[in-house]
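Listed below are the residues making up each chain.
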Amino acid sequence: MKIQSLFFTIYGDYIKDVGDSISLKSLIRIFKEFGFSEGAVRAGMHRMKKRGLVITIKDVKNKKISYKLSQKGMLRLSEGTKRVYEKARKKWDGKWRIVVYNIPEGNRELRDKLRKELRWLGFGMLTQSTWISPNPMENIVLKFVEEINNSTNKEGQIDVFLSEYLGDPKSIVKKCWNLSEIEKEYEKFIEKWSSIEVEGLSESEAFITRINLVHEYRKFLNIDPDLPEDLLPDDWKGYKAYDLFIELRKKLTPKADKFFYSVYEP
């Protein structure tokens, strides 16, 4: 687990609900439970600040440094949190959101950044420069495209369409996503976390287990496009994994909360 990933997990699971900020002292104490040194925490938070993901709050009087997510960081967190905790058996509206881009070979960094973002949002690659999603993500994508256009001062490099497909939609799903491989990953998750016994854990162990659970489940944001039920195979393993995730997190919460609030300083 990396500092940035761990920070996002803890922020989404705890910090955003208790005032949006956390002191460096508390972070160092919490991250120590995951094997990180004070120097590693300071360096990790500095890198996040340089990327524009966090804001530093300095209390000169009390010589205290705290951190909170920036607007950019909150946008990423809120979308990720929604997809993690609000997974539902949703129906499809029959529309495809299509992103087509024409970015020169010389601007590979921008192209890679766009692909990475689209994959994280659940888009699948139909052709080399055409990505699609059946989910209503157009507003989020348009915001991201506007950001890119403003930063490069070039409009028209990326276009977004809302369309219908005049054929079997499941044939499009097969082209863009390997659902059988995703199901295998869900099966691994279910096998690992089904055997966890909560009763004998200490408060700190429950906290570590809960954060690791959330962290591992969040990884599915990178591989599972969260398709509507109409486009998924019968008895989709993702639903079973989600139910297990929610149930186990609920069992871990009482002890985990006690540990967090014993070391948390706003």
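Structure's up top.
Overview of the overall build of the protein
Here comes step 1: On a plain count of helices and strands, the protein comes out with 10 helices and seven strands.
Here comes step 2: Overall size of the protein, expressed as C-alpha extent along the three principal axes, is 60 × 45 × 25 Å.
Here comes step 3: Across the 266 residues of the protein, 45% fall into the buried class.
Here comes step 4: Sequence-distant contacts, at least 24 apart, represent 77% of the contacts inside the protein between residues at least 6 apart.
Here comes step 5: Taking the average location of the 49 positive side-chain charges in the protein and that of its 40 negative ones, the two points are 6 Å from each other.

A word on the packing of helix α1 (residues 3-13) against helix α2 (residues 24-32)
Here comes step 1: It is at 12 Å that the axes of α1 and α2 come closest, and there the two elements cross at 105°. In terms of their interaxial angle, α1 and α2 are classed as roughly perpendicular. For the pair formed by α1 and α2, the contact residues are Ile 3, Leu 6, Phe 7 and Ile 10 on the first element and Leu 27, Ile 30 and Phe 31 on the second.
Here comes step 2: Broken down by class, the residue content of the contact of α1 with α2 amounts to seven nonpolar, no polar and no charged.

Focus on the nonpolar core
Here comes step 1: Grouped together as the largest cluster of nonpolar side chains are 82 residues, with contacts concentrated most on Phe 7 and Phe 31.
Here comes step 2: At 11 residues, helix α10 (residues 237-263) tops the list of elements feeding residues into this core.
Here comes step 3: Filtering out sequence-adjacent residues up to four positions away, Phe 31 remains in contact with Ile 3, Leu 6, Phe 7, Ile 10, Phe 36 and Val 41.

Re the sheet that holds strand β2 (residues 54-59)
Here comes step 1: With antiparallel pairing, the three strands of this open sheet are ordered in space as β1-β3-β2. Looking at the sheet topology across the chains shown, the edges are occupied by β1 (22-23) and β2.
Here comes step 2: Where β1 meets strand β3 (residues 64-69), two bridges bridge the pair, whose relative direction is antiparallel. By the bridge assignment for β3, Ile 22 is matched with Tyr 67.

Some details on the packing of α1 against helix α4 (residues 71-85)
Here comes step 1: At a minimum axis distance of 10 Å, the contact between α1 and α4 shows a crossing angle of 70°. What the angle tells us is that α1 and α4 run roughly perpendicular. Helix-helix and strand crossings are classified by hand; for α1 and α4 the assignment is right-handed. Between α1 and α4, the contacting residues are Phe 8, Tyr 11, Gly 12 and Asp 13 on the first element and Gly 73, Met 74, Arg 76, Leu 77 and Tyr 85 on the second.

Here's the deal with the sheet that holds strand β4 (residues 96-101)
The strands making up a sheet associate through hydrogen bonds between their backbones, and the pairing can be parallel or antiparallel.
Here comes step 1: Taken together, the four strands give an open sheet; going across it, the order is β5-β6-β4-β7, and neighbouring strands pair in antiparallel fashion. The open sheet is flanked by β5 (124-127) and β7 (158-163), the only strands paired with a single partner. Pairwise comparison of adjacent strand axes, ignoring direction, gives a mean angle of 30° for this sheet.
Here comes step 2: The pairing of β4 with strand β6 (residues 130-133) spans four bridges and is antiparallel. Among the inter-strand pairings, Val 100 is bridged to a residue of β6, identified as Thr 130.

Notes on the environment of Gly 73
Here comes step 1: Within the secondary structure layout, Gly 73 lies in helix α4.
Here comes step 2: The class of Gly 73 is buried, set by a relative accessible area of 0%.
Here comes step 3: Remark: the alpha-carbon pair of Gly 73 and Phe 8, spanning 65 residues in sequence, is separated by 8.6 Å.
Here comes step 4: Apart from the residues lying within four places of it in its own chain, the contact partners of Gly 73 are Phe 8 and Leu 53.

Quick word on the pairing of β3
Here comes step 1: Relative to β3, β2 runs antiparallel, the two being bridged by six bridges. Looking at the pairing, Ile 55 lines up with Lys 68 of β3.

Some words on the packing of aromatic side chains
Here comes step 1: By the definition in use, this model includes 19 aromatic pairs.
Here comes step 2: Taking 6.0 Å as the distance between ring centres and 80° as the angle between the ring planes, the aromatic pair formed by Tyr 186 and Trp 236 counts as edge-to-face. Of this pair, Tyr 186 sits in helix α8 (residues 179-193) while Trp 236 sits in the loop between α9 (203-218) and α10; the two residues are 50 residues apart in sequence, bridging distant segments of the chain.
Here comes step 3: Owing to a relative accessible area of 0%, Tyr 186 belongs among the buried residues under this scheme.
Here comes step 4: Ring geometry for Phe 260 versus Tyr 264: centroids 5.2 Å apart, planes at 20°, classification stacked. Like Phe 260, the residue Tyr 264 is buried in the burial classification.

About the cut-offs
Residues numbered from 1 in each chain as written. Predicted model: local features only at pLDDT ≥ 70, side-chain atom pairs only at ≥ 80, totals over all residues. Heavy atoms only, no water. Helix = DSSP H or I, 4+ residues; strand = E, 2+ residues; numbered from the N terminus. Buried < 20%, exposed > 50% of the residue type's maximum accessible area, 1.4 Å probe, protein only. Contact = heavy atoms within 4.5 Å. Lys, Arg positive; Asp, Glu negative; His and termini not counted. Charge placed at Lys NZ, Arg CZ, Asp CG, Glu CD. Axes fitted to C-alpha atoms, helices over the stretch in contact; angles between N-to-C directions. Parallel < 35°, antiparallel > 145°, perpendicular 65-115°, else oblique. Nonpolar A, V, L, I, M, F, W, Y, C, P; charged D, E, K, R; others polar. Core = buried A, V, L, I, M, F, W, Y, C linked by side-chain atoms within 4.5 Å. Pairing = 2+ DSSP bridges. Left-handed = near helix turned anticlockwise from the far one by under 90°. Phe/Tyr/Trp six-rings, centres within 6.5 Å; stacked < 30°, edge-to-face > 60°.

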